[in-house]
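Read off the chains here:
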Amino acid sequence: LSLSLQETMMDHALRTISYIADIGNIVVLMARRRMPRSASQDCIETTPGAQEGKKQYKMICHVFESEDAQLIAQSIGQAFSVAYQEFLRANGINPEDLSQKEYSDIINTQEMYNDDLIHFSNSENCKELQIEKQKGEILGVVIVESGWGSILPTVILANMMNGGPAARSGKLSIGDQIMSINGTSLVGLPLATCQGIIKGLKNQTQVKLNIVSCPPVTTVLIKRPDLKYQLGFSVQNGIICSLMRGGIAERGGVRVGHRIIEINGQSVVATAHEKIVQALSNSVGEIHMKTMPAAMFRLLTGQETPLYI
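We now turn to the structure provided with this report. All figures in this text were calculated on a predicted structure; none of them were measured in a lab. All residue numbers here refer to positions counted from 1 along the written sequence of the relevant chain. Local features in this predicted model are restricted to residues of pLDDT 70 or higher, and side-chain atom pairs are both shown and tallied only at a pLDDT of 80 or more, whereas totals for entire chains, interfaces and linings draw on every residue. Each side-chain value is derived from all of the structure's non-hydrogen atoms; neither hydrogens nor water enter the calculation.

## Digging into the overall build of the protein chain
Thought 1: Each helix corresponds to a stretch of at least 4 residues labelled H or I by DSSP, and each strand to a stretch of at least 2 residues labelled E; elements are numbered beginning at the N terminus. Of the regular secondary structure elements, the protein chain holds 9 helices and 16 strands.
Thought 2: Here the protein chain holds 309 residues, and 42% of them are scored as buried.
Thought 3: Any two residues whose heavy atoms approach within 4.5 Å are treated as being in contact. Contacts spanning at least 24 positions in sequence make up 68% of the contacts within the protein chain whose residues lie at least 6 apart. Categorising residues by exposure relies on relative accessible area from a 1.4 Å probe, with only protein chains included: less than 20% of the type maximum marks a residue as buried, more than 50% marks it as exposed, and the intermediate range marks it as partly exposed.

Listed below in structure tokens is the structure:
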């Protein structure tokens, strides 16, 4: 390792860390890093109308090996706990009023909403398709990531080229999740790898796809009985950038990398960041949201030109 865990921790502000876990002797730490404008397009967060003020971020995953992995993860978790207690105090809530057992009890009474595993295991949603194409012709699709937090992370069909093989087939829809291509599974693979596999089909005349039909918009239902319970995710200019494992947001179907389109029936597409945060912070009971992958949102709203493969 070129960096020690201590140096890495000091390199990332606590609020940029979205995931920490210990697996045996392994410590996994995920953090959000601001990038120069010309760099990675993984997560773009922008204030509506402020095209020149674009901020770009990418997720960095650090993996360390240590005999004290569990202790290190617990220590970082305690830092999050202290930070959250300060947040509660700043909002007039006594942290002692909210016990961990109470929060766990709430979590344990909640079913997974819009459960991927149930949807993906329903044979009616799973299709095996064969698409005909000319040799040397591209498939004519744009794919994006499904969003971290999904049980089966894979790629989503975000756009189809007019007159291209995918569109001509009439068998595919925007939002479909592609599980495999010509027998090669795409589940869990990086976006660039999946794009490379599709580009490699150029000289094929037949392409076999296994897909799961999914709507392009994800519905989310967060059950928050009281303001003292944290939602368990963070938002930057409408884009979900981190998610707490095992929290009520994960139970509700929240996905990292998704753009929030609607909160409780009200569109937030052109809403300022502060108002979105305020709306979420003040919501109790059942919080209904509609989201979609941020990259798909930018394509469908004309903010980006599709690059078909």
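## Considerations on helix H8 (residues 273-281)
Thought 1: Turning to H8, its buried residues number three or more, namely His273, Ile276 and Leu280. Considered in projection along H8, the buried side chains sweep an arc of 65° and stay on one side of the axis. When the buried face of H8 is taken as reference, the exposed residues oriented beyond 90 degrees from it are Glu274 and Lys275.
Thought 2: Summarising the contacts, the buried residues of H8 are in contact with strand E11 (218-224), strand E12 (233-236), strand E14 (258-263) and strand E16 (285-293). Relevant arc is that of directions from the helix axis to the C-beta atoms, nothing else.

## Let's talk about the packing of aromatic side chains
Thought 1: Put simply, two rings from Phe, Tyr or Trp (the six-membered ring, in Trp's case) pair if the centres are within 6.5 Å, and we call them stacked under 30 degrees between planes, edge-to-face over 60, tilted for the rest. Applying the stated criterion to the full structure yields 0 aromatic pairs.
Thought 2: Looking at Arg259, its charged tip hangs above the ring of Phe297, at a distance of 4.9 Å from the centre. By the criterion adopted, a ring carries a charge over it if an Arg CZ or a Lys NZ lies within 6 Å of its centre and within 35 degrees of its normal.

## Observations regarding the pattern of salt bridges
Thought 1: Salt bridges are counted wherever a side-chain nitrogen of Lys or Arg sits within 4 Å of a carboxyl oxygen of Asp or Glu. If you walk through the whole model with that rule in mind, you get 3 salt bridges.
Thought 2: We note a salt bridge from Lys290 to Glu262, for which the minimum N-O separation is 4.0 Å. Taken together, the residues Lys290 in strand E16 and Glu262 in strand E14 connect sequence positions 28 residues apart.
Thought 3: Residue class for Glu262 comes out partly exposed when judged on its relative accessible area of 22%.
Thought 4: A salt bridge links Arg298 to Glu304, with the nearest nitrogen and oxygen atoms 2.7 Å apart.

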